[in-house]
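# Coordinates in review
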Amino acid sequence: MPQHFKDLHSHYKACHLPPLEHPLLSVFSFDTPMTAFSEHLDSFTCDFYMIAFKKIKDGVMLYGRSKYAHQQGTMSFTKPGQLIELKNVEFEEKGFVIVFHEDYVLSEPIYDEVNSYGYFNYEINEALHISEREEAIMWGVFEKLEMEYHTNQDECSKSIIQSQILTILRYANRYYKRQFRDRQVVASGL
């Protein structure tokens with residue numbers, strides 16, 4: 001039976017991840033190969049959203065109906081309640097993870113937009129493969145988000161962070177449309 005995490009702290013503790021600076025939000029990057037999950041945590045559900053950019057060195061990550069074992073730059077998006085399964089996952093090169101609890105966006109304008117993106121749903125969920133140029137754009141937005149997360153938070157921080165999350169999601173939406181369009185061109189033989 002999968003373990004369920006209601007809060008970020010318990011999830012991060014189980015995954016041996018860096019300590020949280022905020023109880024409902026976590027933003028971190030890594031620039032060396034890493035193993036991010038305990039060997040005892042092979043499947044879980046949670047009450048938060050996860051946005052991740054990574055290159056998988058070894059192992060398999062499954063969520064929804066999709067299997068992820070890609071060496072190229074891949075973005076993944078999960079929402080509260082999704083089952084995530086991990087088998088010996090080890091990431092390489094640099095990557096980033098943004099995790100926010102549902103309560104962080106509830107009753108905020110961001111909530112409806114986050115939930116409007118189909119790539120958070122099982123039915124059409126698949127990894128987003130991004131080009132080097134697209135990767136550079138995502139990193140640029142992430143770095144602004146990460147800098148705001150690590151500064152002394154004030155009354156403007158939450159709206160700035162949420163706007164950066166939305167920018168990442170809007171670019172992801174654009175890149176998913178490009179990915180599906182490119183696949184149709186290949187399938188039609190054009």
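Everything here concerns the structure above.
### Focus on the packing of aromatic side chains
In this description, an aromatic ring pair is defined by two values, namely the gap between the centres and the angle between the planes. Counted under the stated rule, the structure contains 16 aromatic pairs. Judged by centre distance (5.1 Å) and plane angle (85°), the ring pair of Phe 96 and Trp 139 falls under edge-to-face. Of the two residues, Phe 96 sits in strand E7 (residues 84–101) while Trp 139 sits in helix H4 (residues 132–150), which places them 43 residues apart along the sequence. The exposure class assigned to Phe 96 is buried, which follows from its relative accessible area of 0%. Its relative accessible area of 8% is what places Trp 139 among the buried residues. Of the aromatic side chains, those joined through ring pairs into one cluster are Tyr 49, Phe 77, Phe 100, Tyr 117, Tyr 119, Phe 120 and Tyr 176. One residue, Lys 94, lies across the ring of Trp 139, its end atom 4.4 Å from the ring centre. If you follow Lys 158 out to its NZ or CZ, it ends over the ring of Tyr 104, 5.1 Å from the centre.

Thresholds applied
Residues numbered from 1 in each chain as written. Predicted model: local features only at pLDDT ≥ 70, side-chain atom pairs only at ≥ 80, totals over all residues. Heavy atoms only, no water. Phe/Tyr/Trp six-rings, centres within 6.5 Å; stacked < 30°, edge-to-face > 60°. Helix = DSSP H or I, 4+ residues; strand = E, 2+ residues; numbered from the N terminus. Buried < 20%, exposed > 50% of the residue type's maximum accessible area, 1.4 Å probe, protein only. Lys NZ or Arg CZ within 6 Å of the ring centre and 35° of its normal.

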